[in-house]
Amino acid sequence: MFGRIATISFMDEELSVDESIVEAYIKIYPNPTTGFIKIESPAPITVLVKDVTGKTVIQEMKSNEVDLSKLADGVYMICLYDDERRLIKQERISKIRRE
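The following refers to the structure shown. (Residues numbered from 1 in each chain as written. Predicted model: local features only at pLDDT ≥ 70, side-chain atom pairs only at ≥ 80, totals over all residues. Heavy atoms only, no water.)

### Comments concerning the pairing of strand β2 (residues 36–40)
As a reminder of what qualifies: Categorising residues by exposure relies on relative accessible area from a 1.4 Å probe, with only protein chains included: less than 20% of the type maximum marks a residue as buried, more than 50% marks it as exposed, and the intermediate range marks it as partly exposed. Segments assigned H or I by DSSP are reported as helices when at least four residues long, segments assigned E as strands when at least two residues long, and all are numbered from the N terminus. DSSP-based pairing: two strands are paired if at least 2 bridges between them are found.
Side chains Ile37 and Ile39 of β2 all project onto a buried face; the interleaved residues Phe36, Lys38 and Glu40 project onto a face where none is buried. As paired strands, strand β1 (residues 27–29) and β2 are joined by 3 bridges and run antiparallel to one another. Along β2, the bridge assignment pairs Lys27 with Glu40. Turn length for the β1-β2 hairpin, with the two strands adjacent in sequence and antiparallel, is 6 residues. Bridge analysis of β2 against strand β5 (residues 65–67) gives 3 bridges, and the strand direction is antiparallel. Note that in β5 the partner of Phe36 across the bridge is Asp67.

### With respect to the pattern of salt bridges
Inclusion rule: The working definition used for a salt bridge is a side-chain nitrogen of Lys or Arg within 4 Å of a carboxyl oxygen of Asp or Glu.
Following the criterion strictly, the structure yields 7 salt bridges and no others. A salt bridge links Asp73 to Lys95, with the nearest nitrogen and oxygen atoms 3.1 Å apart. On the criterion of sequence distance, the pair formed by Asp73 in the loop between β5 and β6 (74–81) and Lys95 in strand β7 (residues 87–95) is long-range, its members being 22 residues apart. Where Arg86 meets Asp82, a salt bridge forms, and the shortest distance between an N and an O atom there is 2.8 Å. Judged by relative accessible area, Arg86 falls into the partly exposed class, the value being 41%. The buried category is assigned to Asp82, whose relative accessible area is 15%. Counted as one network, the salt bridges with shared partners bring together Asp73, Lys95 and Arg97.

### Describing the sheet that holds strand β3 (residues 46–50)
Let me state the cut-off plainly: Axes here refer to lines fitted to C-alpha atoms; in helices the fit is confined to the stretch in contact. Angles between the N-to-C directions go from 0 to 180 degrees.
Pairing in this open sheet of 4 strands is antiparallel, and the strands run β4-β3-β6-β7 from one edge to the other. Across the chains shown, the open sheet's two edge strands, defined by having one partner strand only, are β4 (56–61) and β7. On average, each strand axis in the sheet is tilted by 20° relative to the strand beside it, whichever way the strands run. Examined bridge by bridge, β3 and β4 share 5 bridges and lie antiparallel to one another. The residue of β4 that forms the bridge with Val49 is Ile58.

### Here's the deal with the pairing of β7
Both β6 and β7 contribute to a ladder of 8 bridges, which runs antiparallel. From the neighbouring strand, Ile78 faces β7, where its bridge partner is Glu91.

### A closer look at the environment of Val47
Defined as follows: Any two residues whose heavy atoms approach within 4.5 Å at even a single point are treated as in contact.
Along the chain, the position of Val47 falls in strand β3. Distance from Val47 to Glu60, taken between C-alpha atoms, is 5.1 Å for residues 13 residues apart in sequence. Non-local contacts of Val47, meaning those with residues more than four positions away in its chain, are made with Ile39, Ile58, Gln59, Glu60, Ser63, Val66, Ile78, Cys79 and Leu80.

The values are spatial; any link to function lies outside them.
Structure (structure tokens):
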């Protein structure tokens with residue numbers, strides 16, 4: 001009668017105090033998305049999109065837009081890194097089918 005409930009978890013990386021200040025100025029939208037996500041950042045960033053297993057499925061260098069349209073619907077982790085490869089922000093994004 002009731003369906004199964006799946007639990008999704010990601011391995012989190014810690015952010016330092018200085019990095020969390022930078023994080024406040026970064027915006028990732030829309031969420032949920034049907035395809036493209038936009039990223040507003042005051043500095044160049046590298047974007048990694050990871051699936052629920054932690055596998056990197058997309059990597060974009062110094063990009064302010066990422067195309068998720070070819071990915072299956074689901075939850076992904078967007079990880080943003082600075083030029084020194086330090087994690088400065090991560091956010092869960094839901095990719096949904098366009099209706």
